[in-house]
Amino acid sequence: MDLRALRYFVETVRHSSFTQAAEHLCVTQSTVSKMVRQLEEEVGQPLLIREGRGVRLTDAGRIVFEGGQEALGVVKRLMQDVADLSDLVRGEVTVGIPPMVNLFFPPLIKRFKERYPQIKLIAQEAGGQVIEQRVLAGELEVGVTVLPVPPESGLASMELGRFPICLVGTKASSWYGLPQPSLASLDQEPLLMFSEDYALTKRLREGFARAGVSPVVVGQSGQWDFLLSLAMAGLGTALMPEPLLKRLNLPDDVVIRPLCEPDVSWRVGQVWVPERHMSHAARAWLAVCDEGAALPLF
């Protein structure tokens, strides 16, 4: 089967028009029509029902369209694999990065772009748990999350930094007079936490469970500045990573205490599926991150 004819057919279906498919492919409409007819002859039956200026699929056409998309995808991936073998002159990698972490990655991204200027690096924002799911599903080759990931998850990881979780509140907070507040000391304390799709929230909930504490969560958000505003207003205790707080100029009346829990910290790292083929561009990104892991990036 002619791959070019298959591609012309798939584009015709996607655009529901020979004319628009031809414009997208930068060829004449007659060329597209000819190639689709050639494909129908090879299959031995009509694939499209022509209706005025539009088209719709026959039953056979639906099968060829679904299989054609898969075949063209395989060819595209094959060409990409061949292209990025040429000393990383070309390539593309998409890295999932949680919004709370993205402020700390410009040094790594800058280093990567300086070393591999022709590789396209795309940063895709999502919560840590969502990124883990996308990496497992194959939608992302590599992503950033809060470690650890469960051993049974099938994910490999590379730690980039480990930092304390801090309590943020006012002098009216129940833990204010404690030199080393723990998760147990937050029992019945109104808490402000990141949304449930944040890996940090999952790790904190696991820590509360180990401490035998049922957290009283009075507010959740994906916006750290909103959570801090609520904490400064005395509406609860926010749990924040220490590096984030160090970048802020908070008022003097805001109380900050590191959480005294050796098993609960903000561990930032990369995750990927080790058994899955990884592009040279993605491997280059991991190598740059591994070099920068010892630097004070955070």
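Higher on the page you've got the structure.
Reading the values: the criteria
In every chain, residue numbers begin from 1 and rise along the written sequence. Per-residue local features are limited, in this predicted model, to residues with pLDDT of at least 70; the limit for side-chain atom pairs, both in listing and counting, is 80 or more; totals at the level of whole chains, interfaces and linings are taken over all residues. With hydrogens and water set aside, each side-chain value is computed from the structure's full complement of heavy atoms. Runs of H or I in DSSP of at least four residues are treated as helices and runs of E of at least two as strands, each being numbered from the N terminus. For a helix, the expected span equals 1.5 Å multiplied by the number of residues minus one. Burial status follows relative accessibility: with a 1.4 Å probe on protein chains alone, a residue under 20% of its type maximum counts as buried, one over 50% as exposed, and anything between as partly exposed. As used in this structure description, the phrase polar contact means that two N or O atoms lie within 3.5 Å; if the pair is within protein, one of them must be able to donate a hydrogen and the other to accept it, and residues adjacent in sequence are counted only when both atoms belong to side chains. Put simply, two rings from Phe, Tyr or Trp (the six-membered ring, in Trp's case) pair if the centres are within 6.5 Å, and we call them stacked under 30 degrees between planes, edge-to-face over 60, tilted for the rest.

*Asks:* Run through helix H1 (residues 3-15), naming residues and quoting values.
*Replies:* It helps to recall that an α-helix has 3.6 residues per turn; residues three or four apart then point in one direction. Between its first and last C-alpha atoms H1 spans 18 Å; for 13 residues at 1.5 Å apiece the expected length is 18 Å, and the two agree. Three or more residues of H1 are buried, namely Ala5, Leu6, Tyr8, Phe9, Val10, Glu11, Thr12 and Val13. In this structure Asp2 caps H1, since a side-chain oxygen of it lies 2.8 Å from the backbone nitrogen of Arg4. Phi for Ser16, located one or two positions after H1, is positive at around 55 degrees.

*Asks:* Account for unusual backbone geometry, naming residues and giving values.
*Replies:* The phi angle of most residues is negative, glycine excepted, and most peptide bonds adopt the trans form. A cis amide bond links Leu147 with the next residue in sequence, Pro148, at an omega value of 5 degrees. The residue Ser16 is not glycine, and still its phi comes out positive at about 55 degrees. Notably, Cys26 is not glycine yet its phi reads approximately 60 degrees, a positive angle. Overall, Cys26 belongs to the exposed group, its relative accessible area being 69%.

*Asks:* Break down the packing of aromatic side chains for me, citing the residues and quoting the values.
*Replies:* For any pair of aromatic rings, the description consists of the separation of the ring centres together with the inter-plane angle of the planes. Tallying each qualifying case throughout the model produces six aromatic pairs. Consider the rings of Phe112 and Trp285, whose centres lie 5.6 Å apart with planes at 75 degrees: the pair is edge-to-face. Of the two residues, Phe112 sits in helix H5 (residues 106-115) while Trp285 sits in helix H10 (residues 280-292), which places them 173 residues apart along the sequence. We note that Phe112, like Trp285, is buried. Both rings, one in Phe194 and one in Tyr198, keep their centres 5.2 Å apart while their planes meet at 25 degrees; by these two values the pair is stacked. For the pair formed by Phe194 and Tyr198, the shared burial category is buried.

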